[in-house]
Every structure is written in C-alpha cells, then in structure tokens.
Amino acid sequence: MPGDFFTKKLTDQQGYDDFCQLLVTICGIVLGGNKQYLVSSRLDNLMDEHGIESLAELVSHLKNRPGSPIYTAVVDAMTTNETSWFRDSYPYEFLTEALLPQAITENKSLRIWSAASSSGQEAYSISIMVEEFLRHKQSTLKPVNIVATDISQAILNNAKEGVFHKMSLDRGMSLARINHHFELDGESWKINDEIKKRITFREFNLLTSYASLGTFDVIFCRNVLIYFSVETKKNILARIASTLNPKGYLILGGAESIANYTESFDVVRLKSGLVYQLK
Ligand SMILES: C[S@@+](CC[C@H](N)C(=O)[O-])C[C@H]1O[C@@H](n2cnc3c(N)ncnc32)[C@H](O)[C@@H]1O
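In this report, the structure presented in the accompanying data block is examined. (Residues numbered from 1 in each chain as written. Predicted model: local features only at pLDDT ≥ 70, side-chain atom pairs only at ≥ 80, totals over all residues.)

1. Some words on unusual backbone geometry
- One non-glycine residue, serine 118, adopts positive backbone phi at about 50 degrees.
- As for its placement among the helices and strands, serine 118 is situated in the loop between strand 1 (110–114) and helix 7 (121–137).
- In this structure serine 118 comes out as buried when scored by C-beta crowding, with 24 C-beta atoms within 10 Å.
- Positive phi, normally seen in glycine, also occurs at lysine 247, with a value near 65 degrees.
- Within the fold, lysine 247 resides in strand 8 (residues 244–251).
- Assessed through the 11 C-beta atoms surrounding it within 10 Å, lysine 247 is described here as exposed. (Helix = DSSP H or I, 4+ residues; strand = E, 2+ residues; numbered from the N terminus. Buried ≥ 20, exposed ≤ 12 C-beta atoms within 10 Å, placed from the backbone.)

2. With respect to the sheet that holds strand 3 (residues 163–165)
- Strand order across the open sheet formed by three strands is 3-5-4, with antiparallel pairing between neighbours. Looking at which strands have only one partner, the edges of the open sheet turn out to be strand 3 and strand 4 (182–185). Each strand axis lies, on average, 35 degrees off the axis of its neighbour in the sheet, ignoring direction.
- Bridge count between strand 3 and strand 5 (residues 188–191): three bridges; the pairing is antiparallel. Residue pairing for strand 5: phenylalanine 164 is matched across the bridge by tryptophan 189. (Pairing = 2+ DSSP bridges. Axes fitted to C-alpha atoms, helices over the stretch in contact; angles between N-to-C directions.)

Limitation: the analysis is restricted to geometry and does not speak to function.
Rendered as structure tokens:
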C-alpha cells in the first residue's frame with residue numbers, strides 16, 4: 001500500500017540519514033534534516049516500481065550499483081531543475097553589451113560553459129543572444145561555442161531535444177523570439193538548428209574532474225551552488241577558477257555570491273546584478 005510505504009519511509013530515520021549522506025557523495029546536494037517528505041514525494045513511485053521497500057534498501061542498492069538505471073533515476077528525481085529563459089536578464093545583457101563586442105575587438109572566438117544547464121534554457125538563451133547580435137550588428141564575430149552540461153541524464157535529454165511546451169516558453173521567451181527562433185512541432189515548439197548548432201550537450205557531474213572540458217572564457221554556474229555545502233562550493237569555485245581562461249568571467253545566480261568561498265575573482269558591478277572576473 002502506498003500509504004504504508006510512505007509512513008515507513010518517514011519513520012526510518014537511520015535510512016534517511018544514510019540516504020542524505022550518500023546523496024552528498026553522489027552529487028553534492030545537501031538535504032539537511034526533516035526533508036523526509038521531499039524524499040518520499042520524489043522517490044515513492046520510483047521505489048515502488050523497483051520493488052524497494054525502504055530507504056535503507058535503496059541506499060544499499062545505490063552503493064552496490066553506481067550508474068545502474070535506478071541510480072540514474074534517483075539522481076534525476078533528487079535534482080531540482082527549475083529554470084527559465086533569459087533568467088535575470090543581466091547576464092545576457094552583459095553578453096551582448098560587453099563580451100561579444102570585446103571578442104570582436106580582440107578578434108577571438110569564445111567558449112562558454114553552461115555548467116548546470118537543466119533543460120537547456122540557459123544555453124539556448126545564450127545562443128539566441130549570439131544569433132541576434134550577429135543579425136543586428138552584421139558583425140565579424142568569430143565562432144561562439146557553448147558547452148551545456150548537467151548531472152541529470154533525463155533533463156539533459158530534454159535539453160538536447162530542444163522541444164518546449166508553450167508553458168515553458170511563457171517563462172521569459174517573447175512572442176517575437178518564438179516566431180524567429182522556433183518552429184511549431186505538434187503542440188510544442190522546436191528550437192531552430194541555427195541556435196542549437198553552437199551548443200554541445202554533455203552529462204557532467206560538477207564534483208568530478210574538469211580536465212576533459214578544456215578551458216572557457218565565460219562560465220555560467222547559476223542556481224546550483226545553493227544546493228551544496230560550504231566545502232563543496234569552495235571546491236567547485238576553485239576548480240571553476242582553474243577552468244577559466246585569463247581574465248575569464250564567472251556568472252552565478254542572481255541571489256548567489258562567492259563571498260567567503262574564494263578570493264580568485266574581482267567583482268564587476270553591472271547596471272543590475274554583478275559578475276566575477278578571474279584575477
Ligand atoms: C535549479 S537548476 C539551474 C538551471 C540553470 N542554471 C538556471 O539558473 O536557470 C540546477 C541544475 O543543477 C543540476 N545539478 C545538481 N547537482 C549537480 C552536479 N553535482 N553536477 C552538475 N549538475 C548538477 C540539476 O540537475 C539542475 O538541472
């Protein structure tokens with residue numbers, strides 16, 4: 001009975017504590033105390049489907065079978081994929097008002113990393129800005145390549161597909177842009193290939209080595225550090241710093257800050273919001 005199952009999980013304190021600890025190891029996400037309800041609501045059906053009756057049993061499953069379908073499904077379920085188009089505006093204004101003109105002046109191509117890209121809105125918003133910049137300025141901008149990564153396979157598959165329901169487009173995408181950059185695909189909208197072609201999608205856990213990614217001129221690491229411990233934030237920010245090209249930029253979420261976590265960056269204040277530049 002789902003009801004019994006739910007109750008059993010809520011009262012399994014040791015199982016909950018072990019699960020929280022394992023989740024930190026797997027993906028850095030810190031749930032903290034008293035989030036049993038969240039865990040149950042996200043994992044109930046999944047555990048039912050796999051005939052797993054307690055968090056203790058799930059933990060043992062995950063430990064013994066890293067990378068198994070249930071492991072992947074747990075990561076998909078426990079990550080929060082909240083995102084929107086042109087989120088907070090200022091990173092995208094900074095791109096067209098400062099970064100792209102500077103790339104023209106310096107005659108250089110740009111590599112941009114969307115480090116927790118969720119369903120792709122961030123990477124596609126960047127690419128749309130580049131496309132519009134090219135169209136309006138008819139400029140000699142060298143190629144801009146965007147690498148979009150996320151730990152969740154399921155959300156990354158959505159991102160790669162590039163098909164969005166109207167409800168998701170309503171979160172920040174104007175009608176003019178829908179008409180320009182999307183094609184109707186049944187009841188949804190498919191992003192045009194010219195926007196997609198700049199982006200390489202790749203599954204990537206921010207807790208693992210960054211060596212295979214190469215270096216970047218700009219890193220968008222937005223609204224993901226909030227889920228991690230102070231220790232993990234410091235570790236990720238240090239590795240981000242070593243993944244940036246000299247004087248490269250880091251852009252965090254509107255409510256996030258590097259204060260107390262790293263001294264590798266200078267703060268660049270914009271009209272609204274701020275970004276960080278590698279010292
Ligand atoms: C709230 S979304 C942020 C999306 C986008 N950056 C934005 O600001 O709109 C957070 C994303 O971080 C991803 N994530 C969580 N832990 C991660 C990890 N250890 N490595 C890579 N991505 C992770 C989640 O899967 C989720 O898609």
